[in-house]
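Results of the structural survey
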Amino acid sequence: MRNLRFLIIIFCALCFCNANAQVPIGRSNSVTLFDHYSPAIIEFSDGHVSTQSQANIFLKNSSLLYRSGINDMEAKMTNIKNVIINKRRFINLNNQLAEVIDTCGGNMLLKVVLLDMESFEKEYLNNSNITNLEIGESLGVTRLDADPSTLKYPLCASYFYMLNEKVVRCHERDVQRAIGKAKQRDYRVCVAKDFNWSNEQKLSELLKVISHGL
C-alpha cells in the first residue's frame with residue numbers, strides 16, 4: 001500500500017479549491033459524484049460532440065471518468081469543453097468539471113465538488129486502523145468503489161460566477177471587484193440581510209442582480 005501521508009500531500013496539491021472558499025457538503029461512500037455510471041454527452045474544444053455510454057465524475061480532481069471494459073479511465077480534460085450527465089451540465093473550469101447551477105443571460109453560477117482532503121487527513125491520518133484499509137487503491141482510478149462500512153469520504157464545494165466569460169470566485173471581495181461601481185448599490189442591497197456565500201439560492205439571487213446591465 002502506498003504511504004498515506006504521501007497520498008495526502010499529492011491530493012492536497014491537486015485540490016483546486018481555495019481553502020477560504022471550501023464549503024463542507026457532507027460525505028460520500030464513493031469517490032465518484034454519481035452512484036452509478038450513466039450515458040454522457042461530451043463537447044470537445046474543437047466543437048466535436050461525442051457520447052459515452054458509461055461516464056461519471058472523479059471527485060479527487062473533478063475530472064471526467066469513463067468505463068473501458070472493467071477499468072475506469074480518466075479523460076484528458078484539456079480537450080473537453082462541456083459534459084452533460086443525468087441531465088446535469090458541467091463546463092470545464094481550469095480542467096475541472098464545474099456544474100452549472102443557474103444561468104442569467106450569458107452569466108452562470110458554477111459549483112465544483114471535490115474530496116475534502118484536508119478533513120480526510122485530519123480524520124484518518126492518525127487512525128490506528130488505517131493500515132488495514134486499502135486507501136491507495138480506493139483513491140486510485142482502477143478501483144473506485146470503497147467499502148461504505150469503513151470509508152466515508154468528506155466532500156467540499158466551491159462556488160464561482162462566470163460573468164462576461166470571466167471566472168469570479170463567490171466571495172465578497174472578488175465579486176465587488178468584478179461588478180464595478182455601477183452595480184455596487186444593488187449588490188449591497190442583495191447581501192444586506194441573511195446572505196450566505198454557500199447558499200445556492202442566495203447565490204442565484206445575487207447572480208440575477210449583478211447580471212442586470214453587465
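Everything numeric in this text was worked out from a predicted model, so none of it was measured. (Residues numbered from 1 in each chain as written. Predicted model: local features only at pLDDT ≥ 70, side-chain atom pairs only at ≥ 80, totals over all residues. Heavy atoms only, no water.)

1. A word on the side chain of N82
Stated formally: Working definition: helices are DSSP H or I runs of at least four residues, strands are E runs of at least two. Numbering for both runs from the N terminus. Three labels apply to residues, based on accessible area from a 1.4 Å probe with only protein chains included: buried if under 20% of the type maximum, exposed if over 50%, partly exposed otherwise in between. Residue contacts are counted whenever heavy atoms from the two residues lie within 4.5 Å of one another.
Relative to the assigned elements, N82 resides in strand 6 (residues 80-85). Residue classification places N82 among the buried residues on the basis of a relative accessible area of 11%. Discounting chain neighbours no more than four positions away, the residues touching N82 are I41, I42, E43, R89, F90 and I91.

2. Regarding the nonpolar core
Basically, it comes down to this: For the purposes of this section, nonpolar cores are sets of buried Ala, Val, Leu, Ile, Met, Phe, Trp, Tyr and Cys residues that join through side-chain atoms within 4.5 Å.
Judged by nonpolar contacts, the single largest core of 27 residues is most densely connected at L109, L115, Y161, V175, L203, L206 and I210. When contributions to this core are tallied by element, the ones reaching two or more residues are strand 9 (107-115), helix 2 (117-124), strand 10 (153-163), helix 4 (172-179), helix 5 (184-191) and helix 6 (200-211). Looking at which element gives the most residues to this core, the answer is strand 10, with six residues. By size, the runner-up hydrophobic cluster in this structure holds 13 residues, among which are F34, A75, M77 and I80.

3. With respect to unusual backbone geometry
What you tend to see is this: most non-glycine residues have negative phi, and most peptide bonds are trans. One non-glycine residue, N86, lies in the positive phi region at around 50°. You can see N86 is positioned in the loop between strand 6 and strand 7 (88-93). A relative accessible area of 39% means that N86 is categorised as partly exposed. Here the phi dihedral of N95 falls at roughly 65°; this positive angle occurs in a residue that is not glycine. With respect to the element layout, N95 can be found in the loop between strand 7 and strand 8 (96-104). A residue is classified by how much of its surface remains accessible, and N95, at 38% relative accessible area, is partly exposed.

4. Concerning the packing of aromatic side chains
To describe a pair of aromatic rings, one takes the distance between the centres and the angle between the planes. Basically, it comes down to this: Stacked, edge-to-face and tilted labels apply to pairs of Phe, Tyr and Trp rings (six-membered ring for Trp) whose centres lie within 6.5 Å, assigned for plane angles under 30 degrees, over 60, and everything in between, in that order.
Applying the stated criterion across every chain yields a total of two aromatic pairs. When the centroid spacing of 6.3 Å and the interplanar angle of 90° are considered together, the rings of F34 and F90 count as edge-to-face. Pair noted here: F34 is in the loop between strand 1 (23-28) and strand 2 (38-44) and F90 is in strand 7, with a separation of 56 residues, a long-range link. Ring plane angle 75° and centroid distance 4.9 Å describe the contact between F195 and W197, whose orientation is recorded as edge-to-face. With a relative accessible area of 17%, F195 lands in the buried category. Look at W197 and you get partly exposed, because its relative accessible area is 24%.

5. Looking at helix 6
Heads up, the rule is: Here the expected span of a helix is defined as 1.5 Å times the quantity of residues minus one. An arc is given here, and it is the one of the directions from the helix axis to the C-beta atoms. We define a polar contact as two N or O atoms separated by no more than 3.5 Å, with the added condition that, inside protein, one atom must be a possible hydrogen donor and the other a possible acceptor, whereas residues neighbouring each other in sequence contribute only through side-chain atom pairs.
With 12 residues, helix 6 extends 16 Å from end C-alpha to end C-alpha; this agrees with the ideal 16 Å at 1.5 Å per step. When we look at burial in helix 6, the residues that qualify are L203, S204, L206, L207, I210 and S211. One side of helix 6 carries all its buried residues, which in axial view fall inside an arc of 165°. Turning to helix 6, the residues buried within the fold contact strand 8, strand 9, strand 10, helix 4 and helix 5. For helix 6, the capping residue at the N-terminal end is N199, with a side-chain oxygen 2.9 Å from the backbone nitrogen of Q201.

6. As for the pattern of salt bridges
Stated formally: For this analysis, a salt bridge means a side-chain nitrogen from Lys or Arg found within 4 Å of a carboxyl oxygen belonging to Asp or Glu.
All chains considered together, the criterion is met by eight salt bridges. The salt bridge involving K81 is made with E43; its shortest N-O contact spans 3.9 Å. Of the two residues, K81 sits in strand 6 while E43 sits in strand 2, which places them 38 residues apart along the sequence. The exposure class of K81 is partly exposed, given its relative accessible area of 43%. Taking the relative accessible area as the measure of exposure, E43 reaches 26% and is therefore partly exposed. E200 is the partner of K111 in a salt bridge, and the nearest nitrogen-oxygen pair spans 2.9 Å.

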